[in-house]
Amino acid sequence: MKSRKTGTLRIAGGLLVLVMITSCFVGGTFAKYTVGGKGTDTARVAKFGVTVTANGATFADKYATHTGNVVGTIANSVVSADGSNLVAPGTSGNMVSMTLSGKPEVAVQVTYNATVTFNGNWKDAQGKFYCPLQIRIPYNDPDFGLVTANFDGHGYNDAAALKKAIEDRINAFSAKYPAGTDLSAITADGSLLAPSVSWAWSYYDTDANDVKDTYLGDQAAKGNAATITLEVTTTVTQID
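Bear in mind that the values here come from a model prediction, so they are computed numbers and not experimental data.

### Here's the deal with the environment of Ile239
- By the secondary structure assignment, Ile239 is in the segment after strand 12 (227–238).
- In this structure Ile239 comes out as partly exposed when scored by relative accessible area, which is 31%.
- Counting along the chain gives 129 residues from Ile239 to Val110, while the straight-line C-alpha distance between them is 10.0 Å.
- In this view, Ile239 contacts Ala107, Val108, Gln109 and Lys176; residues no more than four positions away in its chain are not counted.

And the structure:
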């Protein structure tokens, strides 16, 4: 009788332990690896902030006297009667010098688009094209470094050829620059080049050219003045 009670108690105790173990599994959770994450990022608009400035007075309505023994008595050797800008033998000036500023955070293309216009009488008494102006444009030659292209009007037979030569040289300054480029470093004489155009009308020339120069002046007095216009449009565009 005792052994039967003992066996019964053992069975009951085993069931109690089993119930307790099962309760632990039911009432709790299994341990496991777990990981989480969150993606967060912030962006701002990339800087552009580019400014283009045209420097230099292309032409003027008066020009200072340069002859040494005359400077003290005559301030200007050329003076316009009606306020118009003039060109004349012995005069010179800077047509245009482009200055850029800004450090855009995007790649950009800087494009120069030049338009040269010859109007009025650019001909001699025989009706042949005659332009006494010399147009000078410094540029960076891959073999010789910084050189100056000299477009001497005396060497051209028509206005169209001179016009195209000047325009092509200025337009060739167009270039692409990577993001972060300091555009103020693009100068007429730096490693990054921008167009700088000057002009001159030589005062001392051959007798034959003096006659042609005089003819241009006489035509101007008769209301048939030769005129030259240079326009350079500079555009800075983001490269996608």
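Structure's up, so let's keep going.
### Here's the deal with the side chain of Asp124
- Relative to the elements of secondary structure, Asp124 occurs in the loop between strand 5 (108–119) and strand 6 (133–141).
- Dropping the residues within four chain positions of it, Asp124 is found in contact with Tyr130, Lys212 and Tyr215.

### A short note on the packing of aromatic side chains
- Enumeration according to the criterion identifies four aromatic pairs in this entry.
- When the ring of Tyr63 is compared with that of Trp199, the centres are 6.1 Å apart and the planes differ by 90°; the resulting orientation is edge-to-face. Linking Tyr63 in strand 2 (residues 62–64) with Trp199 in strand 11 (residues 196–201), this pair joins segments that are 136 residues apart in sequence.
- By relative accessible area, which is 9% here, Tyr63 ends up buried.
- The class of Trp199 is buried, set by a relative accessible area of 2%.
- With a centroid separation of 5.8 Å and an interplanar angle of 90°, the aromatic rings of Phe118 and Trp122 are classed as edge-to-face.

### Things to note about the sheet that holds strand 5
- If you walk across this open sheet you meet the three strands as 8-5-12, and the pairing is antiparallel. Since the sheet does not close on itself, it has two edges, and those belong to strand 8 (175–177) and strand 12, each with one partner. Direction aside, the axes of adjacent strands within the sheet are offset by 20° on average.
- With twelve bridges joining them, strand 5 and strand 12 adopt antiparallel strand pairing. Within strand 12, the residue paired with Thr111 across the bridge is Thr235.

### Some points on the sheet that holds strand 1 (residues 51–55)
- The antiparallel open sheet is built from five strands, whose spatial order is 1-4-11-6-7. Only two strands of the sheet have a single neighbouring strand rather than two, namely strand 1 and strand 7 (145–152). Here the strands of the sheet are splayed against their neighbours by 15° on average, with no regard to which way each runs.
- Relative to strand 7, strand 6 runs antiparallel, the two sharing eight bridges. Note on strand 7: the bridge partner recorded for Pro138 is Thr148.

### Considerations on the nonpolar core
- Residues Tyr112, Ile135, Ile170 and Leu230 are the most contacted members of the largest nonpolar core, which totals 42 residues.
- Sort the elements by how many residues they give to this core and strand 5 lands first, with six residues.
- What Ile170 contacts, discounting residues up to four positions off in sequence, is Tyr112, Ala114, Ile137, Pro195, Val197, Leu230 and Val232.

Calculation rules
- Residues numbered from 1 in each chain as written.
- Predicted model: local features only at pLDDT ≥ 70, side-chain atom pairs only at ≥ 80, totals over all residues.
- Heavy atoms only, no water.
- Helix = DSSP H or I, 4+ residues; strand = E, 2+ residues; numbered from the N terminus.
- Buried < 20%, exposed > 50% of the residue type's maximum accessible area, 1.4 Å probe, protein only.
- Contact = heavy atoms within 4.5 Å.
- Phe/Tyr/Trp six-rings, centres within 6.5 Å; stacked < 30°, edge-to-face > 60°.
- Pairing = 2+ DSSP bridges.
- Axes fitted to C-alpha atoms, helices over the stretch in contact; angles between N-to-C directions.
- Core = buried A, V, L, I, M, F, W, Y, C linked by side-chain atoms within 4.5 Å.

Keep in mind these values describe shape, not function.
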